Structure formats: structure tokens, C-alpha cells
Amino acid sequence: VVSTGKAEGKKALVISKGLLVPFNLYNLKEGIYRISNQLYVYQSFAAQIDVVNSINPVTFAYSILFETNGNGKIISSADTFNFQYEQNKWLNITQIIDFDANLVEVFIENTFIGKLKYSDSDLQINSLRFSGINDSTAFFIDDICIRRAGCRDTIDTDEKVCLYPGKELNIGIARCKGYTF
């Protein structure tokens, strides 16, 4: 651990100016994964989470930027999605990465932010990188969880779950794809 501190009484990893903290994922490139973490950004400060494709040379699948004014962006080579977030509060960040469909969906506080589509074999994940990008960077990371989605049991039900406007799935299928537990 580089440094720990407390935000709202919760002990967590502190990221500040100049720190690049990698979380190795060992070149994920097949299956469906749910990657989640909690993030706390102080008022008027920034945060950045980079999803790294490769490390030599360093290339990014996409980056999630939390700006000093409460605005944010998800940036990939093909798309940019804007969002707003609340500062001085723990936020749940969830990424559903589907290598079979070459697709990434990002949710912040259970709100769908955007869908990134990749061409065949362009999507692989080497690591997450929590970045202290400038003087305005100060944030906390906690509860990093990586779970490979899959089906152990078939759930036969008509119950539906709404993932975001326009996307609704049978709850059993939603569990298989990593959207719910």
C-alpha cells in the first residue's frame, strides 16, 4: 500500500499528485468480467482511472476522468461520454467488460454512463491504473472487486431487471452477464 487515509471514517488507499498505482489484471481477453470499486473525490479535486491495454508501450482501452468541478468523462479512442458526479461522497464504479462481444459498459452509482464498442481483438485489459495526474488530484480507492461472470444455475423466471433505458434482461441472464449477483 502506498498510503492510506480516511474518508468519511473509512480507511482506503490514497491517490495524490504524481502517483500511478497499477492493479494488475494479467491480460484479460476472454469471457465477461464485472470490475467494481469505490471512489471518493474531495470537493474541487480530481481523479483518474485508466484501463490499460498494454504496458510496453502503454496504451489505454479507455480512461474514466473525474474533474474538479463535478463533471466527468469516459474517453476511448472512438467515444467520449460525459457525466456528472457528486464530490465528498463514496461512489460505486462498475465496469462490465464483455470480451466475447468486444463491449464495455460503465455505471457510476448504478447509473448507466456509456457503452464502448471495440473491433475484434482490440479489447484486452492488462491492468487498472489509478492516476494522480496533477496538483488537483486527491482521491481514495477502496473495495476493488474483479469477478468473472458466468452461469452456475439456470434461473427460470419471468422476472426482469432494467439495466438502463432500452436494455432489460431476464434476471437470470443479467446474473450470468455480471450485471447482478
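Residues numbered from 1 in each chain as written. Predicted model: local features only at pLDDT ≥ 70, side-chain atom pairs only at ≥ 80, totals over all residues. Heavy atoms only, no water.

### A look at the nonpolar core
The cut-off we apply is this: Here the nonpolar core consists of buried residues drawn from Ala, Val, Leu, Ile, Met, Phe, Trp, Tyr and Cys, with membership extended through side-chain atoms lying within 4.5 Å. Exposure classes here rest on a 1.4 Å probe applied to the protein chains alone. A residue is buried below 20% of its type maximum, exposed above 50%, and partly exposed in between. Throughout, a contact is declared for two residues whenever any of their heavy atoms are within 4.5 Å.
Leu39, Tyr62, Ile64, Phe66 and Ile125 are the most contacted members of the largest nonpolar core, which has 35 residues in total. Apart from the residues within four sequence positions on either side, Leu39 is in contact with Ala47, Phe66, Lys89, Trp90, Leu91, Ile93, Phe139, Phe140 and Ile141. Core analysis: the second largest hydrophobic core is formed by five residues, Ala12, Tyr40, Trp90 and Phe140 among them.

### Looking at the pattern of salt bridges
Condition: By salt bridge we mean one thing: a side-chain nitrogen of Lys or Arg within 4 Å of a carboxyl oxygen of Asp or Glu. The helix count covers DSSP runs of H or I at least four residues long, the strand count covers runs of E at least two residues long, and both are numbered beginning at the N terminus.
Tallying each qualifying case throughout the model produces four salt bridges. The salt bridge partner of Lys89 is Glu109, with a shortest N-O separation of 3.4 Å. Here Lys89 is found in the loop between strand S8 (80-84) and strand S9 (90-98), whereas its partner Glu109 is found in the loop between strand S10 (103-108) and strand S11 (111-117), with 20 residues between them in sequence. Given the relative accessible area of 28%, Lys89 is considered partly exposed. Here Glu109 falls in the partly exposed class, since its relative accessible area comes to 28%. Three or more residues joined by partner-sharing salt bridges are found here, namely Glu86, Lys89 and Glu109.

### Some thoughts on the sheet that holds strand S12 (residues 125-131)
Neighbouring strands of a sheet are bound in pairs by backbone hydrogen bonds; such pairs are parallel or else antiparallel. To be explicit about the condition: Being paired, for any two strands, means DSSP has found at least two bridges between them. Between the N-to-C directions of two axes lies an angle of 0 to 180 degrees, each axis being a line fitted to C-alpha atoms and, for a helix, fitted only over the stretch in contact.
One open sheet holds the six strands; their spatial order is S3-S12-S5-S6-S7-S8, and the pairing between them is antiparallel. Among the strands making up the open sheet, the edge pair consists of strand S3 (20-28) and S8. Averaged over neighbouring strand pairs, the angle between their axes works out to 20° when direction is ignored. Sheet topology places strand S7 (residues 71-75) next to S8; five bridges connect them, and they run antiparallel.

### What to know about unusual backbone geometry
Negative phi values dominate among residues other than glycine, just as trans dominates among peptide bonds. If you check the backbone angles, Ser44 has positive phi at about 70° while not being a glycine. Tracing the backbone shows Ser44 in the loop between strand S4 (32-41) and strand S5 (47-55). Residue classification places Ser44 among the partly exposed positions, given a relative accessible area of 47%. Of note, the phi angle at Asn102 is positive, near 55°, even though the residue is not glycine.

### Focus on the side chain of Gln87
To be explicit about the condition: Pairs of N or O atoms within 3.5 Å make up the polar contacts considered here, provided that, within protein, one atom can donate a hydrogen while the other can accept it, and that residues adjacent in sequence are counted only when both atoms are side-chain atoms.
If you trace the backbone, Gln87 turns up in the loop between S8 and S9. What makes Gln87 buried here is its relative accessible area of 9%. For Gln87, the side chain forms a polar contact with the main-chain nitrogen of Ser44, separated by 3.2 Å. Within the local environment of Gln87, its side chain forms a polar contact with the backbone oxygen of Thr68, the two atoms lying 3.0 Å apart. Residue contacts for Gln87: discarding those within four places in its chain leaves Val41, Tyr42, Gln43, Ser44, Phe45, Glu67, Thr68, Asn69 and Gly70.

### Some details on the pairing of strand S13 (residues 138-148)
Taken residue by residue, a regular strand's side chains alternate between the two faces of the sheet. Where strand S2 (residues 10-16) meets S13, four bridges bridge the pair, whose relative direction is antiparallel. Note on S13: the bridge partner recorded for Val14 is Phe140. Relative to S13, S4 runs antiparallel, the two sharing eight bridges. Of the residues in S13, the one forming a bridge with Leu39 is Ile141.

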